[in-house]
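Letter by letter, the chains look like this.
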Amino acid sequence: MSPAPFVTFEGIEGSGKTTQVRLLSDYLTKRGISHRVTREPGGTPLADEIRSLLLSRREEFVFPETELLLYEAARAQHVRAVILPALSSGQAVLCDRFYDATVAYQESARGLDGESVDRFNAFASGGLSPDLTFYLDVDPEEGYLRIRGRGTRPDRIESEKMEFHRKVREGYLSLLERHPGRIVRIEGSHPADDVFRRVCETVSARLGW
Ligand code: TMP
């Protein structure tokens, strides 16, 4: 285990993970538990610029290989500049997405080979791996409706076809099978308070929070 816990949240678009990160952060603040909230892609000025490049809609076709390398470039910067320093100073880190997203999106949905994705994930993360990962599972149709309900223009990835989002979900489900000890599935279609109750039960049992 890292010096302080590294907890990640994953799910398809509209799964509600960002809300759960916020709720858990509020809970930790109330209990005086030092932590840092961050997200991928992003978390540093350079990684945030890469995020904008990745999510903006564009005429030019973005090849899956290019997309993979951009996500990994943002991660390499984020891990070294933000996550590792926070963990080694004793701050827990709550991260909205990490390398499981690369397996679900770039391997399962874009079709890149798993060996390359695993290799680049390991290289960018410098061997860092989450202690605990919440996977909020929602049906892609429901996630899509939630995204539409926000009233903002969907970004380049949110605008992908339903088939793409189904493959992302399948990718997450196969990760869940591969890492049953680390990844905890929570039914994401339930109300946010119910989902948060499960998150709390888990962090209390696993991390003593
Ligand atoms: P967000 O909308 O949850 O902040 O995530 C940004 C988008 O980037 C989302 O569509 C998922 C996608 N993504 C990947 O395709 N690969 C990755 O490795 C990561 C971290 C995110």
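Cut-offs used in this document
- Residues numbered from 1 in each chain as written.
- Predicted model: local features only at pLDDT ≥ 70, side-chain atom pairs only at ≥ 80, totals over all residues.
- Heavy atoms only, no water.
- Pairing = 2+ DSSP bridges.
- Helix = DSSP H or I, 4+ residues; strand = E, 2+ residues; numbered from the N terminus.
- Axes fitted to C-alpha atoms, helices over the stretch in contact; angles between N-to-C directions.
- Phe/Tyr/Trp six-rings, centres within 6.5 Å; stacked < 30°, edge-to-face > 60°.
- Buried < 20%, exposed > 50% of the residue type's maximum accessible area, 1.4 Å probe, protein only.
- Core = buried A, V, L, I, M, F, W, Y, C linked by side-chain atoms within 4.5 Å.
- 1 Å grid on protein atoms, 1.4 Å probe; cavity = no way out; pocket = protein on both sides within 12 Å on 5 of 7 lines; lining within 4 Å.
- Points joined across faces, edges and corners; volume = space filled by probe spheres on them.
- Near = heavy atom within 4 Å.
- Polar contact = N/O pair within 3.5 Å; in protein donor to acceptor, adjacent residues only side chain to side chain.
- Areas by Shrake-Rupley, 256 points an atom, 1.4 Å probe, with all protein chains shown as cover.
- Nonpolar A, V, L, I, M, F, W, Y, C, P; charged D, E, K, R; others polar.
- Salt bridge = Lys/Arg side-chain N within 4 Å of Asp/Glu carboxyl O.

### Some points on the sheet that holds strand β4 (residues 132-137)
- Read across the sheet, 5 strands follow the order β2-β3-β1-β4-β5 without closing on themselves; strand pairing throughout is parallel. Each edge of the open sheet is held by one strand with a lone partner, namely β2 (35-39) and β5 (183-187). On average, adjacent strands in this sheet sit at an angle of 20° to one another, irrespective of strand direction.
- As judged from the 5 bridges shared by strand β1 (residues 6-11) and β4, these two strands associate in the parallel manner.

### Some words on the packing of aromatic side chains
- Overall, the coordinates contain 8 aromatic pairs when judged by the stated rule.
- Between the aromatic rings of Phe61 and Phe63, the centroid separation amounts to 4.8 Å while the plane-to-plane angle is 90°, which identifies the pairing as edge-to-face.
- Its relative accessible area of 57% is what places Phe61 among the exposed residues.
- Ring centres of Tyr105 and Tyr172 lie 6.5 Å apart, and the angle between their planes is 80°; this geometry places the pair in the edge-to-face category. Taken as a pair, Tyr105 in helix α4 (residues 99-109) and Tyr172 in helix α7 (residues 162-178) lie far apart in primary sequence, 67 residues in all.
- Ring pairing ties together the aromatic residues Tyr105, Tyr135, Phe164 and Tyr172, which thus form one cluster.

### Looking at the environment of Thr18
- Looking at the element boundaries, Thr18 is found in helix α1 (residues 17-30).
- For the pair Thr18 and Arg97, spaced 79 residues apart in the sequence, the C-alpha separation amounts to 9.3 Å.

### So, the nonpolar core
- Formed by 24 residues in total, the largest nonpolar core has its most connected members in Tyr105, Ile157, Phe164, Val168 and Tyr172.
- The next biggest cluster of nonpolar side chains, apart from the first, holds 21 residues, and it includes Val7, Leu23, Leu24 and Trp209.

### Remarks on empty space enclosed by the protein
- Enumeration over the complete set of coordinates arrives at 1 cavity of 30 Å³ or more.
- Around the largest cavity, the lining residues are Ile12, Glu13, Pro140, Gly143, Tyr144, Ile147, Glu158 and His165.
- Here the lining of the largest cavity gets 4 residues from one element, more than from any other, and that element is helix α6 (residues 140-149).

### Comments concerning the site of the ligand
- If you check the shell around the ligand, you find 14 residues, and the closest are Glu13, Lys17, Tyr71, Arg97 and Thr102.
- In this structure, Glu13 approaches the ligand through a side-chain N or O atom, which is 2.7 Å from an oxygen atom.
- Interatomic distance of 2.8 Å between a side-chain N/O atom of Tyr71 and an oxygen atom of the ligand.
- Here the ligand, which alone exposes 470 Å², has 94% of that area covered by the protein.
- Breaking the shell around the ligand down by element, the ones donating at least two residues are α2 (45-55), α3 (64-88) and α4.
- Residue contributions to the shell around the ligand peak at 4 residues, all from α4.
- Grouping the constituent residues of the shell around the ligand by class yields 6 nonpolar, 2 polar and 6 charged.

### Here's the deal with the pattern of salt bridges
- If you walk through the whole model with that rule in mind, you get 17 salt bridges.
- One salt bridge connects Asp137 with Arg185, and the closest N-O pair in it is separated by 2.9 Å. In this pair, Asp137 sits in strand β4 while Arg185 sits in strand β5, placing the two residues 48 residues apart along the sequence.
- Accessibility expressed as a relative area gives 33% for Arg185, which makes it partly exposed.
- Residues Glu158 and Arg150 are paired through a salt bridge, measuring 3.7 Å at the closest nitrogen-oxygen approach.
- The network of salt bridges with common partners includes Glu67, Arg110, Arg156 and Glu160.

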